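Given next are the chains, with one letter for each unit.
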Amino acid sequence: MGTALLFGAVASSALLLGAFLGVRVAFPKRLLAMLLSFAAGALITALAFELFEDAYEQGGIVRAAIGLFVGAVVFTGLSALLDRWAQPTRRAKPTAEVEGSVKLDTDAAASDRPPTSASTRGTAGLALLAAVTLDGVPENLALGVSLGAAGSGGLALLAAIFVSNLPEALVGASSMRSQGRSTASILSLWTGCAVLLVIAVVVGAGPLANSDPETVSLPLAFAAGAVIASLADTIMPEAYEHGGPAVAMSTAAGFVLSFVLSLA
């Protein structure tokens, strides 16, 4: 249980660090894109070798595939609702001009661009907080399961969760700051999210880890589906839009780091 608390605290500390930086510091747009693409690379390794592979080994391909598609559908559906919440006045565009998710509005955290209306008029910060919670709970449950089942491991997933939480919290807190929220209010919201995710790790390492393998495979596969959807819907489009082709290298770096940790 002590290991689960430690891993949970490390993973969730990225939310607190990101929120603190979000209310205090503005970063170059390209640096934010590099952070997002690095996180994407780490998440690719984690979902393949820590989430879906374990779900397949414990529950079989049918159960794993169903769980993955359910996770992807749930995240995609709720993500669309959160986008509408973040930018209620956004109008539909022709297919060729459809933009990515507006939750992750990095203009709010950029030093070289003014915040867009998605940050200042909508509720992008709260929407992103909700999105982090949505995919963070199954991810942290999966992290706990990997610890409870083997007593060790899960380093790749821990690294992926950390590096993805950091830029999302940074952007979310920056958006909340642009809306005029106080620093204390912003930090309190993200601290509450961090505590919830620590609890998810403990639950995964305790009661859930002692369940039968078929039961355990479901949250693992669900988390993999949610991660895939978040990569395709939010993280990678935002990174490429503002970082260009150069983000390919930081994505590869994130993948390699996470892969090396998965071998530990």
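Look above for the structure.
Before going into details, it helps to say that this report is about the structure given with it.

Quick notes on the rules
Residues numbered from 1 in each chain as written. Predicted model: local features only at pLDDT ≥ 70, side-chain atom pairs only at ≥ 80, totals over all residues. Heavy atoms only, no water. Phe/Tyr/Trp six-rings, centres within 6.5 Å; stacked < 30°, edge-to-face > 60°. Helix = DSSP H or I, 4+ residues; strand = E, 2+ residues; numbered from the N terminus. Buried < 20%, exposed > 50% of the residue type's maximum accessible area, 1.4 Å probe, protein only. Contact = heavy atoms within 4.5 Å. Core = buried A, V, L, I, M, F, W, Y, C linked by side-chain atoms within 4.5 Å. Expected span 1.5 Å × (residues − 1). Bend = angle between axes of the 7 residues up to and from the residue. Polar contact = N/O pair within 3.5 Å; in protein donor to acceptor, adjacent residues only side chain to side chain. 1 Å grid on protein atoms, 1.4 Å probe; cavity = no way out; pocket = protein on both sides within 12 Å on 5 of 7 lines; lining within 4 Å. Points joined across faces, edges and corners; volume = space filled by probe spheres on them. Nonpolar A, V, L, I, M, F, W, Y, C, P; charged D, E, K, R; others polar. Patch = residues over 30% accessible without salt bridge, like charges linked within 9 Å, V, L, I, M, F, W, Y side chains within 5 Å. Areas by Shrake-Rupley, 256 points an atom, 1.4 Å probe, with all protein chains shown as cover. Salt bridge = Lys/Arg side-chain N within 4 Å of Asp/Glu carboxyl O. Axes fitted to C-alpha atoms, helices over the stretch in contact; angles between N-to-C directions. Parallel < 35°, antiparallel > 145°, perpendicular 65-115°, else oblique. Left-handed = near helix turned anticlockwise from the far one by under 90°.

Quick look at the packing of aromatic side chains now. This model, assessed by the stated rule, comprises 2 aromatic pairs. An angle of 70° between the planes, with centres 5.5 Å apart, marks the rings of phenylalanine 49 and phenylalanine 259 as edge-to-face. With phenylalanine 49 in helix α2 (residues 29-86) and phenylalanine 259 in helix α8 (residues 247-262), the pair connects residues that are 210 residues apart, well separated along the chain. Aromatic pair phenylalanine 255 and phenylalanine 259: ring centres 6.3 Å apart, planes at 10°, arrangement stacked. With a gap of 4 residues between them, phenylalanine 255 and phenylalanine 259 both fall in helix α8, about one helical turn apart. Note on phenylalanine 255: relative accessible area 32%, which makes it partly exposed. Given a relative accessible area of 31%, phenylalanine 259 falls into the partly exposed group. Here the aromatic cluster, defined as three or more aromatic residues joined through ring pairs, consists of Phe49, Phe255 and Phe259.

Before going further, it helps to examine the environment of valine 227. As for its placement among the helices and strands, valine 227 is situated in helix α7 (residues 213-243). A relative accessible area of 2% means that valine 227 is categorised as buried. What valine 227 contacts, discounting residues up to four positions off in sequence, is Leu43, Leu47, Leu51 and Glu139.

In this section: the nonpolar core. Ranked by internal contacts, the top residues of the largest apolar core, which has 59 residues, are Leu15, Leu51, Leu143, Leu157, Trp190 and Leu231. Every element with two or more residues in this core is listed here: α1 (2-24), α2, α4 (124-150), α5 (155-178), α6 (183-208) and α7. The element that contributes the greatest number of residues to this core is α2, accounting for 12 residues. Apart from residues lying up to four places away in sequence, leucine 157 is in contact with Ala46, Glu50, Leu51, Glu139, Ala142 and Leu143. Ala86, Ala124, Ala127 and Ala131 belong to the second largest nonpolar core, which has 6 residues in total.

Turning next to α6. For α6, with 26 residues, the first-to-last C-alpha span of 36 Å sits near the 38 Å given by 1.5 Å per residue. Most pronounced at valine 202, the bend in α6 amounts to some 25°. Residues of α6 that are buried: Ile186, Trp190, Cys193, Ala194, Leu197, Val198, Ala200, Val201, Gly204, Ala205, Gly206 and Leu208.

The residue lysine 29 is located in helix α2 in this model. Among the polar contacts made by the side chain of lysine 29, one reaches the side chain of threonine 106 at a distance of 2.6 Å. What lysine 29 contacts, discounting residues up to four positions off in sequence, is Thr106, Asp107, Ala110, Asp112, Arg113, Glu238 and His242.

Below, the discussion takes up empty space enclosed by the protein. Within this structure, the stated rule accounts for 2 cavities of 30 Å³ or more. In this structure, the largest cavity encloses a volume near 50 Å³. If you trace the largest cavity, you find it lined by Leu43, Val132, Asp135, Gly136, Glu139, Ser164, Asn165, Glu168, Val227, Ser230 and Ile235. Counting residues per element, the ones that place at least two in the lining of the largest cavity are α4, α5 and α7. Take the lining of the largest cavity: its biggest share by element is 4 residues, from α4. Across the lining of the largest cavity, the residue classes break down as 4 nonpolar, 4 polar and 3 charged. Approximately 40 Å³ is the volume found for the second largest cavity. Surrounding the second largest cavity, Phe75, Lys103, Leu128, Ala131, Val132, Asp135, Glu168, Ser230 and Thr234 form its lining. If you tally residues by element for the lining of the second largest cavity, the top one is α4, at 4 residues.

A separate point is a nonpolar patch on the surface. Taken together, Tyr56, Ile61, Val62, Ile66, Val70, Val74, Leu78 and Leu81 make up a surface patch of nonpolar side chains, about 710 Å² in accessible area. Tracing the backbone shows isoleucine 61 in helix α2.

In the contact formed by α1 and α6, the axes pass within 8 Å of each other and the chain directions differ by 160°. When the axes of α1 and α6 are compared, the pair comes out roughly antiparallel. Handedness of the α1/α6 crossing: right-handed. Between α1, through Ala4, Leu5, Gly8, Ala9, Ser12, Leu15, Leu16, Ala19, Phe20 and Val23, and α6, the contact on the second element is made entirely by Thr183, Ile186, Leu187, Trp190, Thr191, Cys193, Ala194, Leu197, Val198, Val201, Val202 and Ala205.

Remark: the principal bend of α7, roughly 50°, maps to leucine 231. Just downstream of α7, glycine 244 is the residue with a positive phi angle, here 70°.

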